[in-house]
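What follows is the residue order along each chain.
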Amino acid sequence: MKADEIRERFLSFFESKGCRRHPSSSLVPDDPTLLTTSAGMVQFKPYFLGLKKPPHTRLTTSQKCLRAVDIGEVGRTPRHHTFFEMLGNFSFGDYFKHEAITWAWELLTEGFGIPADRLKISVYKDDEDAAKIWLGEVGIQKDRLYYLGEKDNYWPSSCPSKGPDGPCGPCSEIFYDFGEERGCGKPGCDVTCDCGRYIELWNLVFMQYERHDGGRLTPLPMQNIDTGSGLERVASVLQGTPTNFETDLLFPIIQKIESIASVPYKDNLMPMRVIADHIRGCTFLVADGVFPSNEGRGYLLRKVLRRACTYGREIGIEKPFLYTLAEVVNDILGHQYSELIEKRELVENIIHKEEEQFADALAQGRMFVMNHKKEMAGGEEPPAGLADGAIVFTAYDTYGLPVEETEKIVKELGFDGVDVASFKKAMDEQKERSRRGSKMDGSVFVEDLEKVYRDAASDAAGVFDGYESMEMETKVVSLIKDGASIEEAEAGSEVDVITLKSPFYGEMGGQVGDMGEAQFDGGRLDVTDTFMADGNIVVHRSKIIEGTLKTGASITLKVLAGRREAIMRHHTATHLLHAALRSVLGSHVAQSGSYVGPDKLRFDFTHHKAVTPEELKKVEGLVNRKVLEGLPVETSEKSFEEAKKEGAIALFGEKYGDVVRRVKAGDFSMELCGGTHVANTAQVGIVKITEERSIGSSLRRIEAVAGEVALDYIDKKLDVIKQAAELLNAQEIDLLKSIESLKSERDRLKKAAKKAGRGQLKDAGRGLLDAAEVVDGVTVVAASVEGIDAKSLRNLYDELKVKLDSYVVLLGSNPGGKVALLLAFSDDVVARGLNAGKMIKDIAKHAGGGGGGSPKLGQAGGRDGSKIAGAVAEGAELLKEKLRA
């Protein structure tokens, strides 16, 4: 049975049981504490916590997941993956253990045709309810049911004794038995043995308790079901493959790798399995808006991608190749996950570019290791023993040089290998630093930081109602200060105000929050900022100017209209800019961040190369044409799926509910957006792009201004042109010609000055040679030369060396009051054992400086140029002494 049929049969089965098919969420979770979506239930966390109402009490999904915690096991075992699909069925206060267990058994044995005697079951040791259902209703034999402890059969694992606090419950796991021939042969081999005989096919979690401090468990008011079955594992069983990697989900990728490397899979199991696994994760991460970087999800993507590259090198693939495998992933899974098709070109470009950058990083990392040979040996020469792991970690962390690659290099240098203990110590220290600086603790259920706002607002409070109006009378629901609810706030105090409804837009989706004022009986306040708490509660950050504000009071809120209107112009301009970029550069362009304020707009987008001035001009021209056309800007609410079918662009990183707001500007732009906009593009006014630059790998940033802000920007530019024309005594239209004439004259003068400088250096050189002293057959030139910089010192040395055979040249100067020193030896002097790079350090100390270089040439700098003459004199004596020795 093909994987597509397995997935469809699973989802259809649960639809027949009253479950609604729900789409997979992004790998980027709507949860700041999680790095990636790592389980099927992650997107349903608010439903399990009772924070939001689910669209249906019964759901079923095929969720794309990514976990990197066991990345080292990928390829070593038949079942570990970074990326995988989790089939699941869920209940939110609806069906419970009986249905979850009997339906799972029905699907496995009847729907998939798995022989019942191949299945074994585990339950939590104290869960008699589940055991009774398995033994009494399903009818499995007692010797096929295992009672296990909280580590194996509780979710989260070991929750009763170790936490975390929050929803939890016992679970029941269903295992497939491959038979004795796949096992270890030991008498006690059972489902807890990791020999490979048994594979967990399905985990049924009965979420029925809430854990409190100290391990106290209380029943949840609403019992839930959360199940997960790995598609790759089910496919392996039903397709009869030795491991997950030979299923139709992964083996086509492996076959492509074989053709690229021209080596067989059977002789290269580990590398090819790792590559096949990792390219799936990389492809989906990029398609979900994650790009390679040095932090967070971007770092995870970079780590996984580069690990795949390294294994490619193990099988002889030196050139970029992973981007070609993304096409195979697309062929296998694109029909199920449309984002792969939509972002196909982008995904391949991002991966290709990162492969090229990794090749450069490998070269730099190799050079770093080679240059730190002595430090890795602890100062010993020649190197021996184990190379210092701390330096190896620097190569890994800074340049992305894999430890396996470093191991090869250090062995070339004469080491026995890498000191793994010191490497691990350095890595652990770095992880601890990252952990302290991160909000991501990896736990699925954590304390909600915005709980205070959620508790303070009633179900209907904090509603934004400002699309049509900027002034509104409403009622104060709650006052919050320093994280706690208060009953009243006096004049002079700063307080967060939640009202029943509000015309103020809270910062969200890149648009800044509104500012304004409010009047209440006996007083007034200034709203200095507005933000959204818990996703949908408008919170006014306020300062009480007069009077005392109390909860329950009537209040009139008034948005600062001019500021809001400037924001609206910039927001609509952002949509026009996005559409224009896609029109000019290609449909791969996607928003990856934005700022929409009264002062400007900033738009970050995906593009694999710099935008040319010609392209930028086309984009700006297209935006302004659409402004002049006066396109109506229409908004409407639709279901997410309906809006997507109509062509509305859903933005990376944004989370959408079942009902979304569509913003449409004529037939030119259509996006899902909750922000505020003008009613017609003509109200945007002129749009002027002020900057375009790179902000990361395959990421670009455009800044622009619109309306009155754009007019101010243009006026300032015109003022500069006018002032420049006046300075040059030229007409504005002839300004470019005048500047070109000035540039030609400047270039002529620079050439003349350079020629004169060369002549002066020759004259100075002749004077220095006349004053030179011969010591033991070596000409010693030592002098302090006024008024020249370090580069000119080098040029002066070049003038001298062509006229000398055996020499020592020590030159000094004090450009800008600082120190510039140069020391050079002829080859025969170096052969005597003198080292210019080392000796210049000692000489520079006399002027409070430092330096270095090669045995033949050393240079130094310092802060106190007044001591340069003394340093040269001391240095000359030291050199003569060395020559006479």
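Residues numbered from 1 in each chain as written. Predicted model: local features only at pLDDT ≥ 70, side-chain atom pairs only at ≥ 80, totals over all residues. Heavy atoms only, no water.

**Thoughts on the nonpolar core**
Residues W134 and L322 are the most contacted members of the largest nonpolar core, which totals 114 residues. Considering each element in turn, this core owes the most residues, eleven residues, to helix α9 (residues 269-287). Ignoring any residue separated from it by four or fewer positions in sequence, one finds W134 in contact with I101, W105, I121, V123, G139, I140, L145, S172, I174 and L204. Membership of the second largest hydrophobic core comes to 31 residues, among which are L576, L631, V633 and I702. (Core = buried A, V, L, I, M, F, W, Y, C linked by side-chain atoms within 4.5 Å. Buried < 20%, exposed > 50% of the residue type's maximum accessible area, 1.4 Å probe, protein only. Helix = DSSP H or I, 4+ residues; strand = E, 2+ residues; numbered from the N terminus. Contact = heavy atoms within 4.5 Å.)

**Quick word on the pairing of strand β20 (residues 537-546)**
The pairing of strand β16 (residues 494-499) with β20 spans four bridges and is classified as antiparallel. Bridge pairing in β20 links D496 to R541. Counting the residues in the hairpin turn of strand β19 (residues 523-533) and β20 gives three residues, including D534, whose phi is positive at 55°. (Pairing = 2+ DSSP bridges.)

**Considering the environment of R9**
Considering the arrangement of structural elements, one finds R9 in helix α1 (residues 3-15). In this structure the C-alpha to C-alpha distance between R9 and F112, which are 103 residues apart in sequence, comes to 8.4 Å. Beyond its immediate sequence surroundings of up to four residues, R9 is in contact with M1, L107, G111 and F112.

**Notes on a negative patch on the surface**
A cluster of acidic residues, E565, E708, D712, D715 and D719, forms a negative patch at the surface. Counting residues per element, the negative patch draws most heavily on helix α22 (residues 708-727), which supplies four residues. Tracing the sequence through the fold places E708 in helix α22. (Patch = residues over 30% accessible without salt bridge, like charges linked within 9 Å, V, L, I, M, F, W, Y side chains within 5 Å. Areas by Shrake-Rupley, 256 points an atom, 1.4 Å probe, with all protein chains shown as cover. Salt bridge = Lys/Arg side-chain N within 4 Å of Asp/Glu carboxyl O. Lys, Arg positive; Asp, Glu negative; His and termini not counted. Charge placed at Lys NZ, Arg CZ, Asp CG, Glu CD.)

**Things to note about the side chain of S669**
Mapping S669 onto the fold places it in strand β27 (residues 669-672). Judged by relative accessible area, S669 falls into the buried class, the value being 5%.

**Some details on the packing of aromatic side chains**
When we look at a pair of aromatic rings, we describe it by the centre distance and by the angle of the planes. The full count for this structure, using the stated rule, is 25 aromatic pairs. Measuring from ring centre to ring centre gives 5.5 Å for Y47 and F92, while their planes differ by 80°; the resulting arrangement is edge-to-face. With Y47 in helix α2 (residues 45-48) and F92 in strand β3 (residues 83-92), the pair connects residues that are 45 residues apart, well separated along the chain. No difference in accessibility class separates Y47 from F92, as the two residues are buried. Ring centres 4.4 Å apart and planes at 15° place the aromatic pair F83 and F284 in the stacked group. Of this pair, F83 sits in strand β3 while F284 is found in helix α9, placing the two residues 201 residues apart along the sequence. We classify F83 as buried; its relative accessible area is 0%. (Phe/Tyr/Trp six-rings, centres within 6.5 Å; stacked < 30°, edge-to-face > 60°.)

**A look at the pattern of salt bridges**
Evaluated as defined, the whole model comprises 49 salt bridges. Its salt-bridge partner being K64, residue D288 comes within 3.1 Å of it at the nearest N-O pair. With D288 in the loop between α9 and α10 (296-314) and K64 in strand β2 (residues 58-66), the pair connects residues that are 224 residues apart, well separated along the chain. We classify D288 as buried; its relative accessible area is 9%. Residue class for K64 comes out buried when judged on its relative accessible area of 2%. Between K64 and E339 there is a salt bridge, and its shortest N-O distance comes to 2.2 Å.

**What to know about the sheet that holds β27**
Consider a sheet: its strands pair through backbone hydrogen bonds, and that pairing is either parallel or antiparallel. If you walk across this open sheet you meet the three strands as β25-β26-β27, and the pairing is antiparallel. Of all the strands in the sheet, the pair left with one neighbour each is β25 (633-639) and β27. The sheet shows a mean angle of 25° between the axes of neighbouring strands, taken without regard to direction. Sheet analysis places β25 next to strand β26 (residues 659-665), joined by seven bridges and oriented antiparallel. Counted as the bridge partner of V633 is A665 from β26. Against the sheet, helix α19 (residues 561-585) touches β25, β26 and β27, its axis set at about 115° to β27. (Axes fitted to C-alpha atoms, helices over the stretch in contact; angles between N-to-C directions.)

**Side note on the sheet that holds strand β28 (residues 687-696)**
Here four strands make up an open sheet; going across it, the order is β23-β24-β29-β28 and the pairing antiparallel. Looking along the sheet, the strands with just one partner apiece sit at the ends: β23 (591-596) and β28. Taking the axes of each pair of neighbouring strands and ignoring which way they run, one obtains an average angle of 15° across the sheet. Relative to strand β29 (residues 699-706), strand β24 (residues 601-606) is paired through six bridges, and the arrangement is antiparallel. Bridge assignment links L601 to a residue of β29, and that residue is A704. Against the sheet, helix α20 (residues 613-628) touches β28 and β29, its axis set at about 140° to β28.

**Brief notes about unusual backbone geometry**
The omega angle of the peptide bond from W155 to P156 is -10°, so this bond is cis rather than trans. The residue P156 is located in the loop between β6 (154-155) and α6 (159-162) in this model. A cis amide bond, omega 10°, links G163 with the succeeding residue P164. Topologically, P164 is positioned in the loop between α6 and β7 (166-177). Unlike most non-glycine residues, S158 shows phi in positive territory, near 60°. With respect to the helices, strands and loops of the structure, S158 is situated in the loop between β6 and α6.

**A short note on the packing of helix α13 (residues 344-371) against helix α16 (residues 403-412)**
The relative placement of two packed helices is expressed as an angle between their axes plus a distance between the axes. Closest axis-to-axis distance for the α13/α16 pair is 10 Å, and the angle between their directions is 40°. The orientation of α13 relative to α16 falls into the category oblique. Both α13 and α16 take part in a crossing whose hand is right-handed. Facing L362, R366, V369 and M370 of α13, the residues of α16 in contact are E405, T406, I409, V410 and E412. (Parallel < 35°, antiparallel > 145°, perpendicular 65-115°, else oblique. Left-handed = near helix turned anticlockwise from the far one by under 90°.)

**A look at the packing of α9 against α13**
Axis separation between α9 and α13 bottoms out at 9 Å; the angle between their running directions is 120°. In this structure, α9 crosses over α13, and the sense of that crossing is right-handed. On α13, the residues that touch I279, C282, T283, V286 and A287 of α9 are L346, V347, I350 and I351. Classifying every residue of the contact of α9 with α13 gives eight nonpolar, one polar and no charged. (Nonpolar A, V, L, I, M, F, W, Y, C, P; charged D, E, K, R; others polar.)

**A look at the confidence of the model for the protein**
On average, the protein scores 89 in pLDDT, and the residues at 70 or more come to 95%. A low-confidence stretch, residues 445-449 (pLDDT under 50), is modelled with 15 contacts involving residues beyond four sequence positions or located in other chains. (pLDDT = per-residue confidence, 0-100.)

**Quick look at helix α7 (residues 231-239)**
In terms of burial, α7 is a largely internal element, seven of the nine residues being buried. L231, E232, V234, A235, S236, V237 and L238 are the residues of α7 that are buried. Looking at the buried side of α7, the elements it contacts are α1, β3, β7, β8 (198-211), β9 (217-230) and α9. Directly after α7, the chain includes G240, whose backbone phi takes a positive value near 65°.

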